[in-house]
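Spelled out, the chains give:
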Amino acid sequence: MDEIDDILNKESFSKEDLVRLLSTNEEESRKIYEKSKAVKAEQIGRKVYFRGLIEYSNYCSKNCLYCGIRAGNSRYIRYQMPDEEVLEAAKYAYDNKFASIVIQSGERNDRKFIDSIEKLLKEIHRMSDGKLHVTLSLGEQTEKTYQRWFTAGAHRYLLRIEVSNPVLYSKLHPNDKHHDYYERLEALRRLRKVGYQVGTGVMIGLPFQTIPDLADDLIFFRDFDIDMAGMGPYIEHQDTPLYQFRNELLPLHDRFLLSLKMVALLRIMMKDINIAATTAMQTIDPQGREKALLVGANVIMPNLTPVKYRQNYLLYENKPCLDENAEECNSCLEARIAMAGDEIGYGEWGDSRHYKKRMGS
Ligand code: SAH
Ligand code: SF4
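Because the structure is a prediction, the values reported are computed rather than measured.

Participant: Even after reading the chapter, I still don't get the site of ligand 1, so can you show me in this structure?
Facilitator: In the vicinity of ligand 1 there are 18 residues, among which Y66, R160, E162, R184 and I235 approach most closely. E162 places a polar side-chain atom, nitrogen or oxygen, 2.6 Å from an oxygen atom of ligand 1. In isolation ligand 1 offers 540 Å² of accessible surface; the protein chains occlude 93% of this area. A per-class count over the shell around ligand 1 returns 9 nonpolar, 5 polar and 4 charged.

Okay, structure coming up:
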């Protein structure tokens, strides 16, 4: 048996194993994908869960050096969706049996924002008779805020650690107390303590990032015992400070392949978690999300944000589906998923099996 088979047959991967697996050539990578496909088929089955994505607001108080909607970028018109539009999108998700939505926005910690999310959560709960699950992705907050939103009906929270290496983190963020690696880690712990299903993730192919860094990211997910993951390639944005390093990046296609490999390896390592096929993957390869589903992902996030806002929620460049409304987006997704050989878990919450086990149910 060759070296790659030997590693793949191990019970648990070491950092050296992961570095080797992340460095495989195309031929060798196929073995990883065969294994991750088999794990997915056995543990997860062929079901894909929809999370309708609502990009609630692009106001952000932070200045992450990679992100297009950072506070310092004055090129975008800032918006916050009125409640009626959020409820309409939530209703669309409910009527189409998505069973779950994600409310995402730039980070704000002011009282008005915290109150408005709480109010929306209560209204969504009322509108759907508690049947529509809500995931939040609203950045770092205090325990009290996380608790309030949890009590108001949110069940899951996505907060990417972005990179698990604190030194690399400091190169990608301004060096102030609002962009502190340990604060972000603490926020993840707070979410866990309050009782959320916790999702995190990283960007792949960032400037200064190495293969050993990515191996550490996978180990971080395992050690933190996460319930959900969302990972995708870093895509440069010309209105951000990190753009100056664009010539030092891996070619886009290689960033895509590395992201695919990260998804496959995470599926092998954490067999029963939910893994998202992210929009950033589709940005590089039109069939990127389907490819991610094939090698191990089981969650997809159709965009339900009204088209008029999408031009102003560009975290990175060339984001797809800027002019497609929810219905068009939905029918094209169904066809795409069928193409990948999966089926959609309509009307099912799709909690990660990992979370259920963790909670003893
Ligand atoms: N403000 C919240 C949620 C919105 S940002 C937060 O930061 O948690 C959601 C994710 O977009 C971030 O976690 C980051 O991983 C991703 N993102 C931002 N800029 C990106 C870029 N240039 N390329 C790829 N992903 C990016
Ligand atoms: Fe704001 Fe999130 Fe973008 Fe950072 S990644 S600038 S917190 S929207």
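Participant: What should I look at first to understand helix α5 (residues 111-127) in this one?
Facilitator: Since the α-helix turns once every 3.6 residues, residues separated by three or four places project in the same direction. Taking 1.5 Å per residue as the helical rise, α5 with its 17 residues ought to reach 24 Å, and the 24 Å between its terminal C-alpha atoms agrees with that figure. Listing the buried residues of α5 in full gives F113, I114, S116, I117, E118, L120, L121, E123 and I124. Here the buried face of α5 lies against β2 (52-57), α4 (83-95), β3 (100-105), β4 (133-137), α6 (143-151) and β5 (154-158).

Participant: Would you mind going over the packing of aromatic side chains with me for this structure?
Facilitator: By the definition in use, this model includes 14 aromatic pairs. Between F150 and Y196, the aromatic rings sit 5.0 Å apart at their centres with planes inclined by 65 degrees, giving edge-to-face as the arrangement. One end of the pair, F150, is in helix α6; the other, Y196, is in the loop between α8 (181-194) and β6 (197-200), and 46 residues separate them in sequence. Taking the relative accessible area as the measure of exposure, F150 reaches 27% and is therefore partly exposed. Residue classification places Y196 among the buried residues on the basis of a relative accessible area of 0%. Ring centres of F220 and F224 lie 5.9 Å apart, and the angle between their planes is 20 degrees; this geometry places the pair in the stacked category. With a gap of 4 residues between them, F220 and F224 both fall in helix α9 (residues 211-224), about one helical turn apart. For F224, a relative accessible area of 15% corresponds to the buried category.

Participant: In this structure, what is going on with the nonpolar core? I would like to understand it.
Facilitator: One broad rule of soluble globular proteins: the nonpolar side chains tend to lie buried together. Core analysis: the biggest nonpolar cluster contains 99 residues, and L136, W149 and Y196 have the highest contact counts within it. No other element matches the 10 residues that helix α10 (residues 252-269) contributes to this core. What W149 contacts, discounting residues up to four positions off in sequence, is F113, I114, I117, E118, L121, L136, L138, Q141, A154, Y157 and Y196. Counting 6 residues, the second largest nonpolar core, distinct from the first, contains Y49, L53, V102 and V299.

Participant: Help me understand the site of ligand 2 in this model?
Facilitator: Neighbouring ligand 2 are C60, K62, C64, Y66, C67, I69, R70 and G106. Looking at the shell around ligand 2, its residues break down into 5 nonpolar, 1 polar and 2 charged.

Participant: For this particular structure, what's the right way to read the packing of helix α2 (residues 15-22) against α9?
Facilitator: Relative orientation and spacing of two packed helices are given, respectively, by the angle between their axes and the distance between those axes. Viewed as axis vectors pointing N to C, α2 and α9 meet at an angle of 120 degrees, and their least axial separation amounts to 9 Å. Accordingly, the angle class assigned to the pair α2 and α9 is oblique. The two elements α2 and α9 meet at a crossing, and its hand is right-handed. Across the interface between the two elements, K15, L18, V19 and L22 of α2 pack against I211, P212, L214, A215, D216, L218 and I219 of α9. A breakdown of the residues in the contact of α2 with α9 according to their chemical character gives 9 nonpolar, no polar and 2 charged.

Participant: Even after reading the chapter, I still don't get α6, so can you show me in this structure?
Facilitator: Within the sequence span of α6, burial applies to T145, Y146 and W149. Taken down its axis, α6 places every buried residue within 100 degrees of arc, on the same side. What points out from α6, more than 90 degrees from its buried face, is the exposed set K144 and T151. Those residues of α6 that are buried are in contact with α5, β4, β5 and α8.

Participant: Would you mind showing me how to read the environment of N25 here?
Facilitator: Secondary-structure assignment places N25 in the loop between α2 and α3 (26-43). Considered as a pair, N25 and Y309 are 284 residues apart in the sequence and their alpha carbons are 41 Å apart. At a separation of 3.2 Å, a polar atom in the side chain of N25 contacts the main-chain amide nitrogen of E27. Reaching out from N25, the side chain makes a polar contact with the backbone nitrogen of E28 at a distance of 2.8 Å.

Participant: Just to check I follow, could you spell out the pattern of salt bridges for this structure?
Facilitator: Two side chains carrying opposite charge are able to pair once their charged atoms lie near each other. In this structure the tally under the stated criterion is 27 salt bridges. For the salt bridge of K62 with E140, the shortest nitrogen-to-oxygen distance reads 2.9 Å. One end of the pair, K62, is in the loop between β2 and α4; the other, E140, is in the loop between β4 and α6, with 78 residues separating them in the sequence. With a closest N to O distance of 2.9 Å, R108 and D110 form a salt bridge. When its relative accessible area of 32% is taken as the criterion, D110 is described as partly exposed. It is possible to trace a salt-bridge network through shared partners that takes in K62, E107, E140, E162 and R184.

Participant: Which parts of the structure should I look at to understand the side chain of E123?
Facilitator: Examined against the element boundaries, E123 turns out to sit in helix α5. Relative accessible area serves as the criterion here: at 19%, E123 is assigned to the buried category. The residues contacting E123, other than those within four sequence positions of it, are D83 and L87.

About the cut-offs
Residues numbered from 1 in each chain as written. Chains lettered and ligands numbered in written order. Predicted model: local features only at pLDDT ≥ 70, side-chain atom pairs only at ≥ 80, totals over all residues. Heavy atoms only, no water. Near = heavy atom within 4 Å. Polar contact = N/O pair within 3.5 Å; in protein donor to acceptor, adjacent residues only side chain to side chain. Areas by Shrake-Rupley, 256 points an atom, 1.4 Å probe, with all protein chains shown as cover. Nonpolar A, V, L, I, M, F, W, Y, C, P; charged D, E, K, R; others polar. Helix = DSSP H or I, 4+ residues; strand = E, 2+ residues; numbered from the N terminus. Expected span 1.5 Å × (residues − 1). Buried < 20%, exposed > 50% of the residue type's maximum accessible area, 1.4 Å probe, protein only. Contact = heavy atoms within 4.5 Å. Phe/Tyr/Trp six-rings, centres within 6.5 Å; stacked < 30°, edge-to-face > 60°. Core = buried A, V, L, I, M, F, W, Y, C linked by side-chain atoms within 4.5 Å. Axes fitted to C-alpha atoms, helices over the stretch in contact; angles between N-to-C directions. Parallel < 35°, antiparallel > 145°, perpendicular 65-115°, else oblique. Left-handed = near helix turned anticlockwise from the far one by under 90°. Arc of directions from axis to C-beta. Salt bridge = Lys/Arg side-chain N within 4 Å of Asp/Glu carboxyl O.

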